[in-house]
Amino acid sequence: AVHPIHSEVVACVVGRAESLCALAVIGAIILLLGRLTTGRAVAIWLLAVISLLSKEHALILPLLLGLVVVFAGIEGERRAGLLLAMLILWTWAGYIVFRESILKFWWDRSMLDWIVQPLIRAEGADRWLLPLAILGRYALLLVWPARLSIDYGVAVIEPAVSWTEPFLYLGALAAAGWLGLTIWAFLRRRREMLLALVALALSYGLIANVLTLIGAAMGERLIYLPSVFFLILVGFWLAHGRRIGFGLALVAIALGSWRTFTYVARFDDRLAFYEYSAAVQPRSLKIRLLLASELKQRGELDRAAEVASGARELVPSASEAWLQSAVIALARNRFDEADEFFAEAIRLSPNPTKAALMSQEVEAARAAWRPATAP
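Residues numbered from 1 in each chain as written. Predicted model: local features only at pLDDT ≥ 70, side-chain atom pairs only at ≥ 80, totals over all residues. Heavy atoms only, no water.

## Focus on the pattern of salt bridges
- Throughout the structure, instances matching the rule amount to 13 salt bridges.
- Among the ionic pairs, E18 bridges to K55, the shortest N-O distance being 2.9 Å. Taken together, the positions of E18 in helix α2 (residues 16-32) and K55 in the loop between α3 (38-54) and α4 (61-71) put the pair 37 residues apart, joining distant regions of the chain.
- Owing to a relative accessible area of 14%, K55 belongs among the buried residues under this scheme.
- A salt bridge links E165 to R137, with the nearest nitrogen and oxygen atoms 3.7 Å apart. A residue pair is termed long-range when its members are at least 10 positions apart, and E165 in the loop between α6 (126-143) and α7 (166-187) and R137 in helix α6 qualify at 28 residues. (Salt bridge = Lys/Arg side-chain N within 4 Å of Asp/Glu carboxyl O. Helix = DSSP H or I, 4+ residues; strand = E, 2+ residues; numbered from the N terminus. Buried < 20%, exposed > 50% of the residue type's maximum accessible area, 1.4 Å probe, protein only.)

## Digging into the side chain of R127
- Take R127: it is sitting in helix α6.
- Looking at R127, its side chain comes within polar contact range of the main-chain oxygen of N209, at 2.8 Å.
- Among residues more than four places away in sequence, those in contact with R127 are L119, A122, N209, V210, T212 and L213. (Polar contact = N/O pair within 3.5 Å; in protein donor to acceptor, adjacent residues only side chain to side chain. Contact = heavy atoms within 4.5 Å.)

## Section: helix α10 (residues 242-264)
- The end-to-end C-alpha distance of α10 is 32 Å, a good match for the 33 Å that 23 residues give at a rise of 1.5 Å each.
- Regarding α10, the residues found buried are G245, G256, R259, T260 and Y263.
- On the buried face of α10, the contacting elements are α1 (7-11), α9 (224-240) and α11 (270-280). (Expected span 1.5 Å × (residues − 1).)

## Quick word on the nonpolar core
- Formed by 56 residues in total, the largest nonpolar core has its most connected members in I134, Y138, I157 and L285.
- Elements represented by at least two residues in this core include exactly α6, α7, α11, α12 (285-297), α13 (301-314) and α14 (319-331).
- Looking at this core, the element that brings in the most residues is α6, giving seven residues.
- If we ignore the near neighbours within four places in the chain, the residues touching I134 are L119, I157, Y204, A217 and M218. (Core = buried A, V, L, I, M, F, W, Y, C linked by side-chain atoms within 4.5 Å.)

## Some details on the packing of α12 against α13
- Remark: α12 packs on α13, axes separated minimally by 8 Å, with the N-to-C direction vectors making an angle of 160°. The pairing of α12 with α13 is recorded here as roughly antiparallel in orientation. In this structure, the crossing between α12 and α13 has a hand that is left-handed. Here L285, R288, L289, L291, A292, L295 and K296 of α12 come into contact with α13, specifically with L301, R303, A304, V307, A308, G310, A311 and L314.
- Along the lines of polarity and charge, the residues of the contact of α12 with α13 split into 11 nonpolar, one polar and three charged. (Axes fitted to C-alpha atoms, helices over the stretch in contact; angles between N-to-C directions. Parallel < 35°, antiparallel > 145°, perpendicular 65-115°, else oblique. Left-handed = near helix turned anticlockwise from the far one by under 90°. Nonpolar A, V, L, I, M, F, W, Y, C, P; charged D, E, K, R; others polar.)

## Notes on the side chain of D151
- Relative to the helices and strands, D151 resides in the loop between α6 and α7.
- Lacking a salt bridge, the buried D151 has K286 as its closest oppositely charged neighbour, with an N-O distance of 6.9 Å.
- Among the polar contacts made by the side chain of D151, one reaches the main-chain amide nitrogen of G153 at a distance of 3.3 Å.
- Non-local contacts of D151, meaning those with residues more than four positions away in its chain, are made with V156, Q281, S284, K286 and I287. (Lys, Arg positive; Asp, Glu negative; His and termini not counted.)

## What to know about unusual backbone geometry
- Even without being a glycine, R189 presents a positive backbone phi close to 60°.
- By secondary structure assignment, the location of R189 is in the loop between α7 and α8 (191-205).
- Judged by relative accessible area, R189 falls into the exposed class, the value being 73%.

The structure is reproduced here in structure tokens:
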């Protein structure tokens, strides 16, 4: 409850999808661990529906429930078990068919934004090494969440992997640690630990950018459901430590509470929060653009232009940085400069669809300017 990596999920409205999905998934698993009755089967199914309608991550729930049956076993009425299986399987089949007909599960690479998902520009070995480096970033945040950020897009994560990057080796260490713990739990027949380890791998696999690329390279809210199973594993370890484990738990809760409270408090003031985020994550193009936009809205146009200029220097090939600069230049009545920025933004647009959208944004910006300057 107090892990700082959950701050973004709780502080941002969009995070409700993550927390509601996780709550329903864990609730369904807990109900299945009890004596299964018809009423309990229906309750599990209702929670499954809630989780599925909240977030696509819930697609793995039938697998998780199956793991509970295999590893933990269930007691109760046979008819209730058959009813639950029928409800879950038919609901999932219907959802998958309907969803695929209106919105594909697989992202069209041409529609992915490389500013948010730089992996679309990764080639060769980098395409497979980058997910390992991202795993290292997640592992560090789970173990030591001292440096939190709302963005891990381009410039923070580059399309090419550097062999001097420590996150690559942290990712390899995390993968090796998971494999070692899984083998140990299997050999020792620690079924509850094995269940949590497999659930951790399954839930993380949805955001790992290995089998397919998702909409973002990385995000703290994306790790919410996997972090639940990670913390369950930490709970197992602390429980076996008895007094030492109890003391460590108190220290972890105190530090987590302090870090969470101080970080979430910053969300109340957008400008201060963006300035803080830019200082913590200076290589984030997205945060710079958010900061420039907020400064423009507050009328601090000179500062906004300075931040936008820094964004252009950070990633010169980012059309969004030029578009933001153009809008700010227009607000400063520097029309020739705005036209140059607009032209460069459209030229740098990575695909025709995005160029068309960019042109619409340009016209909207000009239309918003004309009434304010008309005599």
